[in-house]
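Listed here are the chains, written in short residue letters.
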Amino acid sequence: MEEEETIFSKAVELLKNGNVVAFPTETVYGLGASVFCEEAIQKIFSIKRRPSDNPLIVHISHVEDVKKLAVDIPKAFYLLSEVFWPGPLTVVLKKHPSVPALASAGQPSIAVRMPAHPLALRLIEAVGEPLVAPSANLSGRPSPTSSADVREDLKDLVPLILEGGECLIGIESTVISLLGPDPVILRPGAVTLEQLEAALGMPVRLAREKDPIASPGMRHRHYAPRAKVHLAFRSEEIRPSSSHIISSEPLESALVFNRRNFYARLREADRLGASEITIYCGPSVQKDAGLMNRIVRSAGLL
Ligand code: TXA
Ligand code: MG
């Protein structure tokens, strides 16, 4: 217990002194840096080998902190934060001029989220400043949902990884933009379009791939294992030659996956040296827009 506290204090010191720290959230593990420290933000981009045009999400522990990060905040923001925060929803707003351009990769907007993991909230609170945090993986790899996953990608590259157990959600937050007259989902996730419409009392649209407004991050290769991924939507489509099968439904010779362990299953297949993975998407995942988005991307189809 005492050791945990010592590690936590060290994490706070590192973040206050321009370093990066990996920490758990309820969605995936994040690689954090103080939003007002450009040197530390630069470290995030180089450690992850993240394309410099891909903006970061800023994590806060109190709703009022949004005022340090954004201006012209619409009423819709408060409707959403009231219902979904802390939780797996990121809201894109007009950026406050004092937020370094590096955090938003030069965009005039800024993405903000209040995570639901108690350790993440405590960390932000103790550092006293919002933390930018992309997923704590090497760019293009499946996001990490345990500290072991973070170590697999970043062991020698980050000074500290906070232990917070396995992530409960398992895929990254839903990202919604409130920049235009109509709210637009830039990245689907655990918070659904229907839930967002109910909270806002107005229609919400899903960004199309070619939309100029779409999340810059969605343009890059994402969530992919090293193995080639083949998708099957009916059991007849499962290739008998496939060395590794993961399935949303119980199936002989397949490992079952769900939203929470999907990325872990991809990493597992890579560790086993699988050259081809078949993902069988049965009825239970076809309804999950967030998970389907990651599945299709892991196959390089989006
Ligand atoms: O659940 C999550 O959101 C996790 C945890 C750590 O909080 N974070 C995460 O960060 O997934 P990252 O960097 O892997 O993904 C951020 C996504 C990217 O698709 C990026 O393009 C989009 O959010 N984004 C960030 N700022 C944006 C902005 N100003 N406008 C549009 N999209 C933005
Ligand atoms: Mg990511």
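As a reminder, the structure under discussion sits directly above these lines.
Residues numbered from 1 in each chain as written. Chains lettered and ligands numbered in written order. Predicted model: local features only at pLDDT ≥ 70, side-chain atom pairs only at ≥ 80, totals over all residues. Heavy atoms only, no water.

Peer 1: Could you clarify how one ought to interpret the nonpolar core in this entry?
Peer 2: Buried together is how nonpolar side chains tend to be arranged in soluble globular proteins. Ranked by internal contacts, the top residues of the largest apolar core, which has 47 residues, are Leu31, Leu80, Trp85, Leu89, Val91, Val132 and Leu196. Taken together, the elements giving at least two residues each to this core come down to strand 2 (30-34), helix 2 (38-48), helix 3 (66-69), helix 4 (75-84), strand 5 (89-95), strand 6 (109-113), helix 6 (147-154) and helix 7 (193-200). A total of five residues in this core trace back to one element, the largest contributor, which is helix 2. Ignoring sequence-local partners within four residues, the contact set of leucine 80 consists of Trp85, Leu89, Val91, Ile176, Leu178, Leu196, Ala199 and Leu200. Core analysis: the second largest hydrophobic core is formed by 24 residues, Ile246, Ala274, Ile279 and Cys281 among them. (Core = buried A, V, L, I, M, F, W, Y, C linked by side-chain atoms within 4.5 Å. Buried < 20%, exposed > 50% of the residue type's maximum accessible area, 1.4 Å probe, protein only. Helix = DSSP H or I, 4+ residues; strand = E, 2+ residues; numbered from the N terminus. Contact = heavy atoms within 4.5 Å.)

Peer 1: Before we go on, may I ask you to explain unusual backbone geometry in this structure?
Peer 2: Peptide bonds are trans in most cases, and residues, glycine excluded, mostly fall at negative phi. Cis geometry is adopted by the peptide bond preceding proline 86, which originates at tryptophan 85 and carries an omega value of -10 degrees. Structurally, proline 86 can be placed in the loop between helix 4 and strand 5. Of note, the phi angle at aspartate 72 is positive, near 50 degrees, even though the residue is not glycine. Take aspartate 72: it is sitting in the loop between strand 4 (70-71) and helix 4.

Peer 1: What is the right way to look at the environment of histidine 244 in this model?
Peer 2: Locating histidine 244 in the fold gives a position in strand 12 (residues 244-247). A residue is classified by how much of its surface remains accessible, and histidine 244, at 9% relative accessible area, is buried. C-alpha separation for the pair histidine 244 and glutamate 276, spaced 32 residues apart in sequence, amounts to 6.5 Å. If we skip the residues at most four places from it in the chain, histidine 244 touches Leu255, Ala269, Leu272, Ala274, Glu276, Ile277 and Thr278.

Peer 1: Got a minute to help me understand the packing of aromatic side chains in this structure?
Peer 2: Going through the model one piece at a time under the given rule, you end up with five aromatic pairs. Plain terms: the ring middles of phenylalanine 77 and tryptophan 85 are 5.3 Å apart, the flat faces sit at 80 degrees to each other, and that makes the pair edge-to-face. Considered together, phenylalanine 77 and tryptophan 85 belong to a single accessibility category, that of buried residues. Each member of the aromatic cluster is reached from another via a ring pair, and the members are Tyr223, Phe257, Phe262 and Tyr263. Sitting over the ring of phenylalanine 8, arginine 122 keeps its end group 3.9 Å from the ring centre. (Phe/Tyr/Trp six-rings, centres within 6.5 Å; stacked < 30°, edge-to-face > 60°. Lys NZ or Arg CZ within 6 Å of the ring centre and 35° of its normal.)

Peer 1: What exactly am I supposed to notice about the sheet that holds strand 11 (residues 228-232) here?
Peer 2: The strands that make up a sheet pair up through hydrogen bonds in the backbone, lying either parallel or antiparallel. The strand order across the open sheet built from four strands is 11-14-12-13, with neighbouring strands paired in parallel fashion. At either end of the open sheet lies a strand with only one pairing partner, and these are strand 11 and strand 13 (255-256). Sheet topology places strand 11 next to strand 14 (residues 276-280); five bridges connect them, and they run parallel. Paired with histidine 230 across the strands is threonine 278, a residue of strand 14. (Pairing = 2+ DSSP bridges.)

Peer 1: Teacher, can you tell me more about the side chain of arginine 50 here?
Peer 2: Checked against the element boundaries, arginine 50 lands in the loop between helix 2 and strand 3 (57-59). One buried charged residue, arginine 50, forms no salt bridge at all, with the nearest opposite charge on aspartate 53 at 7.6 Å. Within polar-contact distance, the side chain of arginine 50 engages the backbone oxygen of asparagine 54 at 3.1 Å. Setting aside chain neighbours within four positions, we find arginine 50 in contact with Phe45, Pro55, Leu56, Pro134 and Ser139. (Lys, Arg positive; Asp, Glu negative; His and termini not counted. Salt bridge = Lys/Arg side-chain N within 4 Å of Asp/Glu carboxyl O. Polar contact = N/O pair within 3.5 Å; in protein donor to acceptor, adjacent residues only side chain to side chain.)

Peer 1: Even after reading the chapter, I still don't get the side chain of histidine 117, so can you show me in this structure?
Peer 2: Tracing the backbone shows histidine 117 in the loop between strand 6 and helix 5 (118-127). In this structure the side chain of histidine 117 is engaged in a polar contact, spanning 3.1 Å, whose partner is the backbone nitrogen of leucine 119. There is a polar contact of 3.1 Å between the side chain of histidine 117 and the backbone oxygen of glycine 164.

Peer 1: Even after reading the chapter, I still don't get the packing of helix 4 against helix 7, so can you show me in this structure?
Peer 2: How two helices pack is summed up by the angle between their axes together with the distance between the axes. Relative to each other, helix 4 and helix 7 sit at 120 degrees, their axes nearing to 9 Å. The orientation of helix 4 relative to helix 7 falls into the category oblique. Regarding helix 4 and helix 7, the two cross each other, and that crossing is right-handed. Every residue of helix 7 that contacts helix 4 at Ala76, Leu79, Leu80, Val83 and Phe84 is listed here: Gln195, Leu196, Ala199 and Leu200. (Axes fitted to C-alpha atoms, helices over the stretch in contact; angles between N-to-C directions. Parallel < 35°, antiparallel > 145°, perpendicular 65-115°, else oblique. Left-handed = near helix turned anticlockwise from the far one by under 90°.)

Geometry only, nothing functional implied.
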